[in-house]
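# Topology and contacts: notes
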Protein chains: 2
Amino acid sequence: MTERLGFGGPPVGEPVGLGEVELRRPRLKTPESFDGLFSDGRYERISHALGKAYRDVVRGFRGEFPNPPDLVASPGEESEVELVLAWCEEQGAAVVPFGGGTSVVGGVEARLDEDAPVVTLDLRRLDRVLEVDPVSLAARIQAGATGPSLERQLREHGLTLRHFPQSFEYSTLGGWVATRAGGHFATLETHIDDLVSSVRAITPRGTWESRRLPGSGAGPSPDRMLLGSEGILGVITEAWVRVRERPRFKLSRAIGFGDFTAGAGAVREISQSGLHPSNCRLLDQLEAEMFAGGAGEAILVLGFEAAGHEVGWPMEQALEIARAHGGEPKEPAAAGTGDGVEGVVEEWRSAFLQIPYLRDSMVACGVLSETFETAITWERFEGFHTEVMETARRALAEASGAPREGAGSARVSCRFTHVYPDGPAPYYTVIAPAVRGGEVEQWDEVKVAVSEALLAAGGTITHHHAVGRDHRPFYERQRPGAFAAAMRGAKSAVDPSGIMNPGVLFE
Amino acid sequence: MTERLGFGGPPVGEPVGLGEVELRRPRLKTPESFDGLFSDGRYERISHALGKAYRDVVRGFRGEFPNPPDLVASPGEESEVELVLAWCEEQGAAVVPFGGGTSVVGGVEARLDEDAPVVTLDLRRLDRVLEVDPVSLAARIQAGATGPSLERQLREHGLTLRHFPQSFEYSTLGGWVATRAGGHFATLETHIDDLVSSVRAITPRGTWESRRLPGSGAGPSPDRMLLGSEGILGVITEAWVRVRERPRFKLSRAIGFGDFTAGAGAVREISQSGLHPSNCRLLDQLEAEMFAGGAGEAILVLGFEAAGHEVGWPMEQALEIARAHGGEPKEPAAAGTGDGVEGVVEEWRSAFLQIPYLRDSMVACGVLSETFETAITWERFEGFHTEVMETARRALAEASGAPREGAGSARVSCRFTHVYPDGPAPYYTVIAPAVRGGEVEQWDEVKVAVSEALLAAGGTITHHHAVGRDHRPFYERQRPGAFAAAMRGAKSAVDPSGIMNPGVLFE
């Protein structure tokens, strides 16, 4: 790491062991009448105390769990979810719904007063695919099913959801719906929103279940109010989602561009063409170098897939657009590299998938590694991107004391994760020398600077990482005032005691 | 008409003239301080008293305007919208936002107590395209712009919204957003929802304006709460919408099927293929006969269009699917019929567009003509459709005293207006002998029967006609209970006096 980055390396830190963690005593007693539904075990409480943001990884590594839940409830059926909510309301305890715990925005860490007890409600036992409709290509799935679990169950029917966020292995359908997670498809069905046809949730004041319909114009969409609600209205227990046959035809190509701007021009035209590639991820020079073996060029990873027809024709149309913008398609790899995916694409894909698993090691080696993301319209993109990059580099240099350029300097790179006819969703990756022991403050400083810059330049505080507690101060400035009042009104109606995940979205 | 249908014809009724209408006296005085903002003129009040449902056309024809607004306000800028809302709240008057007045569900007719005054707020003066962003392909458009008006303004920039509901000539962008109108595209961008990137509204408690973003995952979507809100939260004043270059490549084909079920099988597979035709409208035998010169066959009207590339390839893929389901593509018309559109398609299109303009004549001739629509998942479609058709025929025979079959019987036909991977949106057209003088009661009886059948069989009370006052009793049974409470809470927060369009969506 030192060789490659100019920072990071010995001394390699050691994580604090489970037994050494100082843990606040539970402020709630496990109710005896609910046999086995609640746990106040040390491991349970600690493993539900943090999400997976850099600040969480650091704190976990150091054994810092300032806001552990007092109890963890693991209901095995919906009636037990109702029991937990009723009991918590009675006790004046906050309820934090918990899927995979992969929030990177403080979504599962209740940061409340000393005397406010917290129960984390883990959905992991509600993990089944309950019903499959092979005619309409839809499935009813419980909220606690993780990516691999639901895909395994769907595979028995030859079907797939194909929603692959980076957190795929641990995150759950319910978590995806609650946070509007972004997934596999770079165009069209970018968020889980676009794959959901009905949602069922338990609120403190009753059930919220929409009719399963392919489309409806009957009033504002009930599903769209739960999508992104981050647990403040109730606990999502299941959803009907649109699944599909596994794609039999796939093509993937890498295309080199002189710079990111030229690549962005091509991506804009492709996103406005109506060709709808499944993959359309543009990596800037640095990202291409780090993750895809690029050398001084931006790389567009372009893919098409379908279950019922060849995809050579749309790929050709998209390549033509790319060429017109100066793009140079790389030759497809020779047969035998598997899946029709060529080398560079494969390299990027495996790097992309591995990154989250390296984060503990990076903390151990004194490397700050984090991401932030947004979305912006095309006509603002260039100035926006320059401003954000500049701000990130400046803030990192200031917070890290590292040089602004050259060996040992922080790296800020960018890729588009999803694209729309009216703009891209740029995703920034930061790698910098960590201030050992002061990592959280260091990153918080940078995060505030880039968040301010994103907002000022017209972006959204999040395209698919959600709001949680970390983004809340910025989200409060972004959302419409009257809408905030309306959402508060909506929450009061179904959660009058305010027990549901207090602190996310709203103070 | 008598020859073709076996009913309708002399005596041909005459509509009641404007001067003969008995009109309730206005219960509000035009405030002098707002020069010209309000009108209590007879024509203004009468022309804002009804929508365009069959029951409205009949009542208008007969000079029955039981619920005219007391005043009509026509603000020319947003500050005047605010003035109107403030003054109405002070007066305890209800406010009915009014776009083109083309509601077919009682959306613009306030049916309140004798002593509850009503002001209709007509947006017609807010009709400009304010800003065009040719890079992101987006435009900021005022809510009162009608279809032709906004298309004319966009055409100067070589752009188009391509949202063509049947009400296109009169209906407005604001009305489309408020009611989740369905448009031109049979797949993907079926509702205006899918073309909106931000909405601005004035509520009695402040402005509601989302950031203009290509995509965002920051909390529940503020736009999606206004989409379908039917005026109960505030007055939509403008929106950013996604526009596009005018399509240069278009192909359209008609495909005959032995029956509707075979055609539906093909449409299902096409809708699940990812080919995304712009048009994919399946007409049943009767509809094909009435509107497209068909003879005993169901006809699928299939179309692809694009601005930047040929569309022969996707058309070929879709035709292949159609053939596999027994479909027989009709030969494209000879060159010179214009626009690449063949005869049968053209015939259907012009019939489709003319129908609404014939409705007064039909009332005059004693012909009941109305439509109702829904959406349902594919696996339920066949049984659902049989049940709905049967119910409609039975109810019509009972309410009309007409024979159930043969000459003089009511006609019920069906087409798909929009299709999804998980189901179609069937649209039913009814033509029957009217009970002259009792048309409203006659249709209300049929409407209740078919609505009950739709709901019982799992459909939605509306796919794109909205809820209004006519669908409300059914909508109340369809929407989730906890969601209803949440929406009430949301409304109370931004409209505490309950002045905004009372009676739609909620009692």
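These figures come from a predicted structure and were not determined experimentally.

## Quick notes on the sheet that holds strand 1 (residues 38–39) of chain B
Paired through their backbone hydrogen bonds, the strands of a sheet run either parallel or antiparallel. Residue and element names in this part refer to chain B. Pairing in this open sheet of four strands is mixed, and the strands run 1-2-4-3 from one edge to the other. Of all the strands in the sheet, just strand 1 and strand 3 (94–98) have a single pairing partner and so form its edges. Sheet analysis places strand 2 (residues 71–73) next to strand 4 (residues 118–122), joined by three bridges and oriented parallel. Within the sheet, the bridge partner assigned to alanine 73 lies in strand 4 and is leucine 121. Of the strands in this sheet, strand 1, strand 2, strand 3 and strand 4 touch helix 4 (residues 78–91), which is tilted by about 170° from strand 4.

## Description of the pattern of salt bridges
Residues and elements named next belong to chain A. Counted under the stated rule, the structure contains 60 salt bridges over all chains. The shortest N-O distance in the salt bridge between arginine 180 and aspartate 193 comes to 2.8 Å. A residue pair is termed long-range when its members are at least 10 positions apart, and arginine 180 in the loop between helix 6 (173–179) and strand 8 (196–203) and aspartate 193 in the loop between helix 6 and strand 8 qualify at 13 residues. For arginine 180, a relative accessible area of 9% gives the class buried. Overall, the relative accessible area of 4% leaves aspartate 193 in the buried class.

## Looking at the environment of methionine 225 of chain B
By secondary structure assignment, the location of methionine 225 of chain B is in helix 7 (residues 222–226). Accessibility expressed as a relative area gives 4% for methionine 225 of chain B, which makes it buried. Through-space distance from the C-alpha of methionine 225 of chain B to that of alanine 490 of chain B is 9.5 Å; in sequence the pair is 265 residues apart. Here methionine 225 of chain B is in contact with Pro220, Met225, Phe483, Ala486 and Met487 of chain A together with Trp208, Leu233, Met487 and Ala490 of chain B, once residues within four sequence places are set aside.

## Some details on the relation of the copies chain A and chain B
Once turned by 180° and shifted 0.0 Å along the axis, chain A lies on chain B with an RMSD of 0.0 Å. Look at the turn and shift together and you get a two-fold axis relating the two. When the interface residues of chain A are mapped onto chain B, 100% of them again fall at the interface, so both copies present the same face.

## What about the interface of chain A and chain B?
Residue-level contacts link 78 residues of chain A with 78 residues of chain B. Carbon and sulfur atoms make up 63% of the area that chain A and chain B hide from each other, which totals about 6,000 Å². For chain A, the biggest contributors to the area lost against chain B are Arg211, Pro214 and Pro220 of chain A; these three give 12% of the whole. Scanning the region where chain A abuts chain B turns up four salt bridges. Of the charged contacts in the structure, one is a salt bridge between arginine 242 of chain B and aspartate 422 of chain A, with a shortest N-O distance of 2.9 Å. With ten residues, the top contributor of residues to the side of chain A that touches chain B is helix 16 (residues 481–494) of chain A. By residue class, the composition of the side of chain A that touches chain B is 37 nonpolar, 30 polar and eleven charged.

## Quick word on the packing of helix 3 (residues 54–61) of chain B against helix 14 (residues 439–456) of chain B
Residues and elements named next belong to chain B. Look at helix 3 against helix 14: their axes get within 9 Å of each other, and the N-to-C directions meet at 175°. Classed by the angle they form, the pair helix 3 and helix 14 counts as roughly antiparallel. For the pair helix 3 and helix 14, the contacting residues are Tyr54, Arg55, Val58 and Arg59 in the first and Glu439, Val440, Trp443 and Asp444 in the second. Per-class residue counts for the contact of helix 3 with helix 14 are four nonpolar, no polar and four charged.

## Some thoughts on empty space enclosed by the protein
Counted by the stated rule, this structure contains six cavities of 30 Å³ or more. Put simply, the largest cavity is a space of about 50 Å³. Every residue lining the largest cavity is listed: Pro220, Ser221, Arg224 and Met225 of chain A together with Pro220, Ser221, Arg224 and Met225 of chain B. Taken together, the elements giving at least two residues each to the lining of the largest cavity come down to helix 7 (222–226) of chain A together with helix 7 of chain B.

## Focus on the side chain of glutamine 478 of chain A
Along the chain, glutamine 478 of chain A falls in helix 15 (residues 472–478). Within the structure, glutamine 478 of chain A has its side chain in polar contact with the side chain of threonine 460 of chain A (distance 2.9 Å). With residues up to four places along the chain from it excluded, the contact list for glutamine 478 of chain A reads Leu455, Gly459, Thr460 and Ile461 of chain A together with Arg211, Leu213, Ser216 and Ala218 of chain B.

## A short note on the sheet that holds strand 1 (residues 38–39) of chain A
All names here are of chain A. Taken in spatial order, the four strands line up as 1-2-4-3 in an open sheet, and their pairing is mixed. Each having just a single partner strand, strand 1 and strand 3 (94–98) make up the two edges of the open sheet. Running over the sheet, helix 4 (residues 78–91) touches strand 1, strand 2 (71–73), strand 3 and strand 4 (118–122) and is turned about 170° from strand 4.

## Things to note about the side chain of aspartate 70 of chain B
All names here are of chain B. With respect to the helices and strands, the residue aspartate 70 is situated in the loop between helix 3 and strand 2. Here valine 118 takes part through its backbone nitrogen, which lies 2.8 Å from a polar atom of the side chain of aspartate 70. Filtering out sequence-adjacent residues up to four positions away, aspartate 70 remains in contact with Arg25, Pro26, Arg27, Leu28, Ser39, Asp40, Arg45, Pro117 and Val118.

## Some points on the nonpolar core
Note on soluble globular proteins: their nonpolar side chains tend to be buried together. Residues Trp208 and Met225 of chain A together with Met225 of chain B are the most contacted members of the largest nonpolar core, which totals 92 residues. Counting residues in each nonpolar core, the second largest holds 55 residues, with Phe61, Ile255, Ala318 and Val412 of chain B among its members.

## Remarks on the confidence of the model for chain A
All names here are of chain A. On average, residues of chain A score 94 in pLDDT, and 97% of them are at 70 or above. Note on residues 335–341: pLDDT is under 50 here. Beyond four places in sequence and across chains, it has five contacts. Confidence estimates for the predicted assembly give a pTM of 0.97 and an ipTM of 0.96.

## Quick look at helix 13 (residues 378–400) of chain A
Residue and element names in this part refer to chain A. With 23 residues, helix 13 should reach 33 Å at 1.5 Å per residue; the first-to-last C-alpha distance of 32 Å fits that figure. Largest kink in helix 13: about 30°, centred on phenylalanine 384. Backbone geometry just after helix 13 places glycine 401 at a positive phi near 65°.

## Some details on unusual backbone geometry
A cis amide bond links proline 10 of chain A to the next residue, proline 11 of chain A, at an omega of -5°. Tracing the sequence through the fold places proline 11 of chain A in the loop between helix 1 (2–5) and strand 1. The phi dihedral of leucine 505 of chain A is positive, around 65°, even though this residue is not glycine. Note that leucine 505 of chain A resides in the segment after helix 16. On the accessibility criterion, leucine 505 of chain A (1% relative accessible area) is buried. One non-glycine residue, leucine 188 of chain B, lies in the positive phi region at around 60°.

The rules behind the values
- Residues numbered from 1 in each chain as written.
- Chains lettered and ligands numbered in written order.
- Predicted model: local features only at pLDDT ≥ 70, side-chain atom pairs only at ≥ 80, totals over all residues.
- Heavy atoms only, no water.
- Pairing = 2+ DSSP bridges.
- Helix = DSSP H or I, 4+ residues; strand = E, 2+ residues; numbered from the N terminus.
- Contact = heavy atoms within 4.5 Å.
- Axes fitted to C-alpha atoms, helices over the stretch in contact; angles between N-to-C directions.
- Salt bridge = Lys/Arg side-chain N within 4 Å of Asp/Glu carboxyl O.
- Buried < 20%, exposed > 50% of the residue type's maximum accessible area, 1.4 Å probe, protein only.
- Least-squares fit on C-alpha atoms with pLDDT ≥ 70 in both.
- Buried area = accessible area lost by both parts, 1.4 Å probe.
- Nonpolar A, V, L, I, M, F, W, Y, C, P; charged D, E, K, R; others polar.
- Parallel < 35°, antiparallel > 145°, perpendicular 65-115°, else oblique.
- 1 Å grid on protein atoms, 1.4 Å probe; cavity = no way out; pocket = protein on both sides within 12 Å on 5 of 7 lines; lining within 4 Å.
- Points joined across faces, edges and corners; volume = space filled by probe spheres on them.
- Polar contact = N/O pair within 3.5 Å; in protein donor to acceptor, adjacent residues only side chain to side chain.
- Core = buried A, V, L, I, M, F, W, Y, C linked by side-chain atoms within 4.5 Å.
- pLDDT = per-residue confidence, 0-100.
- Expected span 1.5 Å × (residues − 1).
- Bend = angle between axes of the 7 residues up to and from the residue.

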